[in-house]
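Close look at the chain arrangement
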There are 2 protein chains.
Amino acid sequence: MTTVAILGPGLIGGSLGMALLRAGGCRVLAAARTWESAAAAVRAGAAHEAAPLERAAGEADVVVLCMPLGAVVEVVAEVRRRARPHAVVTDVAGLKAPVHAAAEAAGPASAAFIGGHPMAGRERSGLENARADLFRGATWVLTAREPARAAGTPAGRRLEALVRAAGAAPLWATPEAHDAAAAVASHVPQALATAHMLAFAEGARERPLARILAAGGLRDTTRLAESPAGIWVDVLLGNAAQVCEGLERVIAELAALRDRIARGDAAALTAAFEAAAAARRQLAAEKGWDGA
Amino acid sequence: MTTVAILGPGLIGGSLGMALLRAGGCRVLAAARTWESAAAAVRAGAAHEAAPLERAAGEADVVVLCMPLGAVVEVVAEVRRRARPHAVVTDVAGLKAPVHAAAEAAGPASAAFIGGHPMAGRERSGLENARADLFRGATWVLTAREPARAAGTPAGRRLEALVRAAGAAPLWATPEAHDAAAAVASHVPQALATAHMLAFAEGARERPLARILAAGGLRDTTRLAESPAGIWVDVLLGNAAQVCEGLERVIAELAALRDRIARGDAAALTAAFEAAAAARRQLAAEKGWDGA
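Description of the structure in this document. (Residues numbered from 1 in each chain as written. Chains lettered and ligands numbered in written order. Predicted model: local features only at pLDDT ≥ 70, side-chain atom pairs only at ≥ 80, totals over all residues. Heavy atoms only, no water.)

1. Considering the sheet that holds strand β4 (residues 62–65) of chain A
- An order of β3-β2-β1-β4-β5-β6 (chain A) is seen for the 6 strands of this open sheet, with the pairing classed as parallel. A strand with exactly one partner marks an edge of an open sheet, and here the two such strands are β3 (49–50) and β6 (112–113) of chain A. (Pairing = 2+ DSSP bridges. Helix = DSSP H or I, 4+ residues; strand = E, 2+ residues; numbered from the N terminus.)

Structure representation (structure tokens):
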């Protein structure tokens, strides 16, 4: 019977715990900064037992750090040192290079560390938004300096089983490859939604009717703008070069559209729309996104 | 018994016809460029009868032009002249000033014209994507030079009844007020999704892993990029000044975020995220959008 310790049972940790309890076959301990938060995880069906952080980290076979990036970087080395030698420590933060750098400070005699990033989430955080099916069908990236080697270790196999029990599909990558891809797939969309929401709020101040006309398109393109600063600021700053490069690409495309609109160039605008629609259709087909 | 003619039974016209047939109380004629398209509308449950365009326009009490903006501008004056004198002609295009300008060329002795724009849609067009509940709960803007006066006319009251029968809520505005608000609520989000998709496709060329990591955030922020060029190019070009101003606001916010990230300014980045989240939460509360 594997013991899993979830340190920080919020949206991600809580959803993971719920999925594991539903799947069965392991014992789940929840630890949090306050005892009340850990006890709430038990009441929500996200853990079997609340435990102090030290005990949870020291008893588990798998320790999952479900905290924002900054907190993970702070505690990961210490958790590796406290964990049982055969245990594996992982995390769920959206950026992996800084976590690996921090984890490596623990020294090679400590418990194994493998990074993790489930490609699923919601813009509203906290245990109250957690749900057992959050990871269903999602890709869950597992990161290691040498992914092929790590995947074959007992620690790697144990994490793969955990990810599958949560309903997700494991995918191995280096921290650097993850961070470069996540900039484009996740960090830039987040920054874009935030910038869009700020621009909308400003534009709507002079045109209150815009708030009434706002419908599904605006709803979807700005949904991520509700994401908590506490999770995102560290991720964007920690991936600054890649994120800035991605934002430059969006700014360049927006400026090109603006120029085509300003000079009334219907042919160039049509070409841009058709290229974007073809790219979106191809991606949607790859991902199994339907048109709804 | 009111007779409604739907000229162009695609996504919007087809959905309107389905909603009206479900609501009952009127006779719906469908006319299209090809007889086959009009007959398909009858088979899909979006009309009682297919009719040639001239007969549909000449028999109906309400004529709804469900074509892209360019086609509406081309035919609206002629349709007003052919319609019965007591009839009302309307449309569903996303930009209203050019439609009013074109409609006014018909002269005051023609059937009444009131513009329309249902704030609902899908990124995939065509009758095959139509559905009876597309407009449920949506705002349907009705436009006139003097909205308060038009709302009290028999034509205005008949259109309000049609909009309500479709499940939507009528809202009166001038064409100019609509177009300024729609730039911010609809046209800019569309251009943004298109630019974002192009930037993603470019960034992912060097980072194929990004396509695998793409999840709900990217799915939602790029959904509109599948929208057809044939509908959008005329709308964006017809509202160029307002759209360019809106795009400038987004570019400025993106550049500000990029600068804060590049110089590692956590406090300023946090402030931007918190302002955007507060604005999104307020808008979501106003609109009744849940957090799912």
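2. Side note on the side chain of B:H187
- Checked against the element boundaries, B:H187 lands in helix α8 (residues 175–206).
- Setting aside residues no more than four positions away along its own chain, B:H187 makes contact with B:G94, B:L95, B:A182, B:W232, B:V235, B:L236, B:N239 and B:V243. (Contact = heavy atoms within 4.5 Å.)

3. Side note on the pairing of strand β8 (residues 139–143) of chain B
Residues and elements named next belong to chain B.
- Burial runs high along β8: 5 of the 5 residues are buried.
- Burial along β8 is two-sided: T139, V141 and T143 facing one way and W140 and L142 facing the other are all buried.
- Of the strand pairs in this sheet, β8 and strand β9 (residues 169–173) are connected by 5 bridges, and their pairing is parallel. Looking at the pairing, T143 lines up with A173 of β9. (Buried < 20%, exposed > 50% of the residue type's maximum accessible area, 1.4 Å probe, protein only.)

4. Some words on α8(B)
All names here are of chain B.
- Compared with an ideal rise of 1.5 Å per residue, which puts 32 residues at 46 Å, α8 spans 45 Å between its outermost C-alpha atoms and is within 8% of the ideal.
- The largest bend along α8 measures about 50° and falls at A183.
- Most of α8 sits out of view: 27 of its 32 residues are buried. (Expected span 1.5 Å × (residues − 1). Bend = angle between axes of the 7 residues up to and from the residue.)

5. So, the pattern of salt bridges
- All told, the structure shown has 52 salt bridges over all chains when counted by the stated rule.
- Measuring nitrogen to oxygen at the nearest pair gives 2.9 Å for the salt bridge that ties A:R211 to B:E286. Note that A:R211 is positioned in helix α9 (residues 209–213) and B:E286 in helix α13 (residues 266–287), a pairing that runs across two chains.
- The exposure class of A:R211 is buried, given its relative accessible area of 18%. (Salt bridge = Lys/Arg side-chain N within 4 Å of Asp/Glu carboxyl O.)

6. A look at the interface of chain B and chain A
- The interface is formed by 98 residues belonging to chain B together with 98 residues belonging to chain A.
- Approximately 8,800 Å² of surface area, both sides summed, lies buried where chain B meets chain A, with 71% of it carried by carbon and sulfur atoms.
- Considering only the side of chain B, the residues that lose the most area to chain A are B:L213, B:F273 and B:R280, jointly responsible for 9% of the buried surface there.
- On inspection of chain B and its partner chain A, the count reaches 10 salt bridges.
- The interface formed by chain B and chain A holds 28 residue pairs in polar contact (both at pLDDT 80 or more) in total.
- Here the side of chain B that touches chain A gets 24 residues from one element, more than from any other, and that element is α8(B).
- Considered class by class, the residues forming the side of chain B that touches chain A number 58 nonpolar, 16 polar and 24 charged. (Buried area = accessible area lost by both parts, 1.4 Å probe. Polar contact = N/O pair within 3.5 Å; in protein donor to acceptor, adjacent residues only side chain to side chain. Nonpolar A, V, L, I, M, F, W, Y, C, P; charged D, E, K, R; others polar.)

7. Structural notes on the sheet that holds strand β5 (residues 88–91) of chain B
Residue and element names in this part refer to chain B.
- Ordered in space as β3-β2-β1-β4-β5-β6, the 6 strands form an open sheet in which the pairing is parallel. Where the open sheet ends on each side, the last strands, each with one partner, are β3 (49–50) and β6 (112–113).
- Where strand β1 (residues 2–7) meets strand β4 (residues 62–65), 4 bridges bridge the pair, whose relative direction is parallel. Each residue of the ladder has a partner; that of A5, found in β4, is V63.

8. Focus on the packing of α8(B) against helix α12 (residues 240–262) of chain B
Residue and element names in this part refer to chain B.
- The contact between α8 and α12 brings their axes to 9 Å, and the two run at 60°. Taken together, the axis directions place α8 and α12 in an arrangement best described as oblique. Note that α8 runs across α12; the crossing there is right-handed. Residues A180, A183, V184, H187, V188, A191 and L192 of α8 pack against Q242, V243, G246, L247, R249 and V250 of α12.
- Per-class residue counts for the contact of α8 with α12 are 9 nonpolar, 3 polar and 1 charged. (Axes fitted to C-alpha atoms, helices over the stretch in contact; angles between N-to-C directions. Parallel < 35°, antiparallel > 145°, perpendicular 65-115°, else oblique. Left-handed = near helix turned anticlockwise from the far one by under 90°.)

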